[in-house]
There are 2 protein chains.
Amino acid sequence: MLGVLGGMGPMATVDFMAKVVRNTPASCDQDHIRMVVCSAADIPDRTAAILGEGPDPLPALRETLLRLEAAGATRIAIPCNTAHHWHAALQAETPLPILHIVDAVVDQLTGPKDARIGVLATSGTVAARIYQDRLGRRGYACGLPDAAGQDEVTRAIRLVKAGHLSEATEILRREAEALVAAGMQAVVMACTEIPVALATVEGPLRASLIDATEALARACVAACRPEVALAA
Amino acid sequence: MLGVLGGMGPMATVDFMAKVVRNTPASCDQDHIRMVVCSAADIPDRTAAILGEGPDPLPALRETLLRLEAAGATRIAIPCNTAHHWHAALQAETPLPILHIVDAVVDQLTGPKDARIGVLATSGTVAARIYQDRLGRRGYACGLPDAAGQDEVTRAIRLVKAGHLSEATEILRREAEALVAAGMQAVVMACTEIPVALATVEGPLRASLIDATEALARACVAACRPEVALAA
């Protein structure tokens, strides 16, 4: 049973679950993957902690992991990119395998190994080098917005969390287009709030966008239903 | 912490969670309700069991309830109308309060007490008299499609579960319009798959539709955040 350490934010967890369901071949309820999901909305802000401006979320992450274990989860996914700063610390606490969202993204990349990949993420994800280091180990260079652009991305993510989607969509579209114009082969929507805001974007930009939430959902389906991965 | 006994079907559970999040006044993650959700997609078909054509889902429902208790839930919601046939049996097993979806629907009704309320539901929900009896106790009469119409509703619900939304939308729109034409003051979408299919319906029909999933979501927010209910 897939355990989802969620609530960061709550709507991003809902978006992730929808993507798990949609990526599962099924003709009736019973074909679907069993999931237990903790939407632990009260986990302290991950970016604030990384930037030294807020409390450590690790105790709350650990407590939520234990709730998932108690409910019978057999593997874990965390639909929050920034929370992956604590991936190794959490993995050290549990025998259950915890999928890594950056590995799931890299498994979706199809271009040449030395391509530059743009990343739209929280300031916490950027400061903790979650994508830079793991993309680098897999042979990809990582491109980021400049400081002013990063501030805009941060503002847009807050707008999504507060439910103001349309303003967020415009900001994020602009920042994604800037990364493509700077030569990135693809742009990862590397905060789970971002695909919620960019769901309605069409046109040439759409083909450049990689949805980290969707990549993690597919990796979960493949892990829980190996026959699906073989057939794909 | 709200416990959601879900997976019936999996996308209906996702739809319910989205409605809980959207009905919660929030400006950041930490304003949201904590939830633990079991999407137990392998629970045997509820309608088949009620009609004597399939295995009893009660053992699987009970096991899922225990998982939610183990994870720390303090009250329970079941986003599946048909599963409410086992509401009393499940309530007898747990000290945690289990909200009832029909009570949540009745709390949304605004018309005169003797109004006739149409109900679109599974054959199991109809055969088990889940709406007829509970609406009746609250002073409302219940109207249902005729036998051929009920077969069409059943077919549409199966189409949603298999991911064929557009055909399901047309069938359900027709059946809802027939109930309005027969004099129903409102039509309850009393299977959690139905609002997923009718989400795109606009025009005069929209005002007559009552979404049982949304009603249950609002009842959960009110139960978990009483200050919200007071402010509404």
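So, how was this worked out
- Residues numbered from 1 in each chain as written.
- Chains lettered and ligands numbered in written order.
- Predicted model: local features only at pLDDT ≥ 70, side-chain atom pairs only at ≥ 80, totals over all residues.
- Heavy atoms only, no water.
- Pairing = 2+ DSSP bridges.
- Helix = DSSP H or I, 4+ residues; strand = E, 2+ residues; numbered from the N terminus.
- Axes fitted to C-alpha atoms, helices over the stretch in contact; angles between N-to-C directions.
- Buried < 20%, exposed > 50% of the residue type's maximum accessible area, 1.4 Å probe, protein only.
- Least-squares fit on C-alpha atoms with pLDDT ≥ 70 in both.
- Contact = heavy atoms within 4.5 Å.
- Salt bridge = Lys/Arg side-chain N within 4 Å of Asp/Glu carboxyl O.
- Core = buried A, V, L, I, M, F, W, Y, C linked by side-chain atoms within 4.5 Å.
- Parallel < 35°, antiparallel > 145°, perpendicular 65-115°, else oblique.
- Left-handed = near helix turned anticlockwise from the far one by under 90°.
- Lys, Arg positive; Asp, Glu negative; His and termini not counted.
- Expected span 1.5 Å × (residues − 1).
- Buried area = accessible area lost by both parts, 1.4 Å probe.
- Polar contact = N/O pair within 3.5 Å; in protein donor to acceptor, adjacent residues only side chain to side chain.
- Nonpolar A, V, L, I, M, F, W, Y, C, P; charged D, E, K, R; others polar.
- Disulfide = S-S within 2.5 Å.

Draft legend 1. Focus on the sheet that holds strand β4 (residues 116-120) of chain B. Residue and element names in this part refer to chain B. Read from one edge to the other, the open sheet built from 4 strands follows the order β5-β4-β6-β7, with strand pairing classed as parallel. The two strands at the open ends of the sheet, each matched to only one other strand, are β5 (141-143) and β7 (209-211). Averaged over neighbouring strand pairs, the angle between their axes works out to 35° when direction is ignored. Note: strand β6 (residues 186-189) against β7, 3 bridges, orientation parallel. For Met189, the partnering residue across the bridge sits in β7 and is Asp211.

Draft legend 2. Region of the structure containing the pairing of strand β6 (residues 186-189) of chain A. Residue and element names in this part refer to chain A. Every second residue of β6 is oriented toward a common face, with Ala186 and Val188 on one face and Val187 and Met189 on the other, all of them buried. Where strand β4 (residues 116-120) meets β6, 4 bridges bridge the pair, whose relative direction is parallel. In the sheet register, Val119 faces β6, and the bridge partner there is Val188.

Draft legend 3. Spatial organisation of the relation of the copies chain B and chain A. With an RMSD of 0.0 Å, the operation that places chain B on chain A is a rotation of 180° combined with a shift of 0.0 Å along the axis. Here the copies are linked by what is in effect a two-fold axis. The residues that chain B uses at the interface reappear at the interface of chain A in 97% of cases, marking a shared surface.

Draft legend 4. Just the pattern of salt bridges, in detail. All names here are of chain A. Per the counting criterion, the structure on display carries 30 salt bridges over all chains. We note a salt bridge from Lys19 to Asp211, for which the minimum N-O separation is 2.6 Å. You can see Lys19 sitting in helix α1 (residues 10-22) and its partner Asp211 sitting in strand β7 (residues 209-211), a full 192 residues away along the chain. A relative accessible area of 6% means that Lys19 is categorised as buried. Taking relative accessible area as the criterion, Asp211 reaches 14% and is therefore assigned buried. The salt bridge partner of Glu93 is Arg62, with a shortest N-O separation of 2.8 Å. Of this pair, Glu93 sits in the loop between α4 (87-91) and α5 (101-106) while Arg62 is found in helix α3 (residues 58-71), placing the two residues 31 residues apart along the sequence. Assessed through its relative accessible area of 39%, Glu93 is described here as partly exposed. Looking at Arg62, the relative accessible area reads 30%, which means it is partly exposed.

Draft legend 5. How the structure looks around the nonpolar core. Core analysis: the largest hydrophobic core is formed by 77 residues, its most contacted members being Met35(A), Tyr131(A), Val188(A), Met35(B), Tyr131(B) and Val188(B). Apart from the residues lying within four places of it in its own chain, the contact partners of Val188(B) are Val105(B), Ile117(B), Gly118(B), Val119(B), Leu120(B), Tyr131(B), Ile210(B) and Ala212(B). If you look at the next biggest cluster of nonpolar residues, it comprises 45 residues, including Val36(A), Met1(B), Ala40(B) and Cys80(B).

Draft legend 6. Spatial organisation of unusual backbone geometry. All names here are of chain A. Of note, the amide linkage connecting Met8 to Gly9 takes the cis form, showing an omega dihedral of -10°. In the Ramachandran plot, Arg129 falls in the positive-phi region, its phi being about 60° despite a non-glycine side chain. Here Arg129 falls in the partly exposed class, since its relative accessible area comes to 42%.

Draft legend 7. Seen up close, the packing of helix α8 (residues 147-161) of chain A against helix α9 (residues 165-181) of chain A. Residues and elements named next belong to chain A. Remark: α8 packs on α9, axes separated minimally by 8 Å, with the N-to-C direction vectors making an angle of 155°. Here α9 runs roughly antiparallel to α8, going by the angle between their axes. In the packing of α8 onto α9, the handedness of the crossing is left-handed. For the pair formed by α8 and α9, the contact residues are Gly149, Glu152, Val153, Arg155, Ala156, Leu159 and Val160 on the first element and Leu165, Glu167, Ala168, Ile171, Leu172, Arg174 and Glu175 on the second.

Draft legend 8. Quick peek at the side chain of Glu175(B). All names here are of chain B. Within the secondary structure layout, Glu175 lies in helix α9 (residues 165-181). Put simply, Glu175 is tucked away with no salt bridge, and the nearest opposite charge, on Arg174, sits 5.0 Å away. Setting aside its immediate chain neighbours within four residues, Glu175 contacts Leu120, Pro145, Gly149, Glu152 and Val153.

Draft legend 9. Molecular detail of the sheet that holds β6(A). All names here are of chain A. Taken in spatial order, the 4 strands of this open sheet run β5-β4-β6-β7, and their pairing is parallel. Because the sheet does not close on itself, it has two edges, and the strands there are β5 (141-143) and β7. The average angle at which neighbouring strand axes cross in this sheet is 35°, direction not considered.

Draft legend 10. View of α9(A). All names here are of chain A. The terminal C-alpha atoms of α9 lie 24 Å apart, and with 17 residues this matches the ideal 24 Å at 1.5 Å per residue to within 8%. Three or more residues of α9 are buried, namely Ala168, Thr169, Ile171, Leu172, Glu175, Ala176 and Leu179. Gly183, located one to two residues past α9, shows a positive phi value of around 100°.

Draft legend 11. A look at the interface of chain B and chain A. Each partner contributes residues to the interface: chain B has 37 residues there, and chain A has 36 residues. Interface of chain B and chain A: buried area, both sides summed, is about 2900 Å²; carbon and sulfur atoms make up 57% of it. Across the contact surface, chain B and chain A share 4 salt bridges. Residue Asp29(B) is joined to Arg46(A) by a salt bridge in which the shortest nitrogen-to-oxygen separation is 2.8 Å. Our enumeration of links across chain B and chain A arrives at 9 residue pairs in polar contact (both at pLDDT 80 or more). Top contributing element to the side of chain B that touches chain A by residue count: helix α1 (residues 10-22) of chain B, with 7 residues. Tallied by class, the residues present in the side of chain B that touches chain A amount to 21 nonpolar, 7 polar and 9 charged.

Draft legend 12. View of the side chain of His32(B). The topology assignment puts His32(B) in the loop between α1 and β2 (35-39). Owing to a relative accessible area of 12%, His32(B) belongs among the buried residues under this scheme.

Draft legend 13. The arrangement of the state of the cysteines in detail. On inspection of all chains with the given rule, the structure shows 0 disulfides over all chains. Looking at Cys191(B), it has no disulfide partner, and the nearest cysteine sulfur is the one in Cys80(B), 6.8 Å off.

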